[in-house]
Amino acid sequence: MAKPNYRFDKRQREMKKAQQLEEKRLKKLARATQPPADGSETPSPQAPGDAEESRS
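What counts, and at which threshold
Residues numbered from 1 in each chain as written. Predicted model: local features only at pLDDT ≥ 70, side-chain atom pairs only at ≥ 80, totals over all residues. Heavy atoms only, no water. Helix = DSSP H or I, 4+ residues; strand = E, 2+ residues; numbered from the N terminus. Buried < 20%, exposed > 50% of the residue type's maximum accessible area, 1.4 Å probe, protein only. Areas by Shrake-Rupley, 256 points an atom, 1.4 Å probe, with all protein chains shown as cover. Salt bridge = Lys/Arg side-chain N within 4 Å of Asp/Glu carboxyl O. Patch = residues over 30% accessible without salt bridge, like charges linked within 9 Å, V, L, I, M, F, W, Y side chains within 5 Å. Lys, Arg positive; Asp, Glu negative; His and termini not counted. Charge placed at Lys NZ, Arg CZ, Asp CG, Glu CD.

Now for the overall build of the protein. Helix and strand counts for the protein come out as 2 helices and 0 strands. Every one of the 56 residues in the protein was classed for burial, and the buried ones make up 0%. Looking at the protein as shown, the accessible area adds up to about 6100 Å², and 54% of this sits on carbon and sulfur atoms.

This paragraph deals with the pattern of salt bridges. Counted by the stated rule, this structure contains 2 salt bridges. Across the salt bridge formed by Arg11 and Glu14, the nearest N and O atoms sit 4.0 Å from each other. A residue pair is termed a helical-turn pair when its members lie 3 or 4 positions apart in one helix, as Arg11 and Glu14 do in helix α1 (residues 6-33) at 3 residues. The class of Glu14 is partly exposed, set by a relative accessible area of 38%. When the shortest N-O distance is used, the salt bridge between Glu22 and Arg25 registers 2.7 Å. Placement of both Glu22 and Arg25 in helix α1 is noted, with a separation of 3 residues, approximately one turn of the helix.

Further remarks concern a positive patch on the surface. Together, Lys24, Lys27, Lys28 and Arg31 line one region of the surface with positive charge. Looking at the secondary structure, you find Lys28 in helix α1. Overall, Lys28 belongs to the exposed group, its relative accessible area being 57%.

Structure representation (structure tokens):
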């Protein structure tokens, strides 16, 4: 029976992780450069009282 090639498996995991991180970075960069759809700069925070009413 052949021995498992742990180096190959580790390298494959590292490459997959690096690819996922790169995709995440590109998505984040795209969101940062894309203007908001409604034209506002930042979303308005919800009032504390509104959150309690939505739970009821």
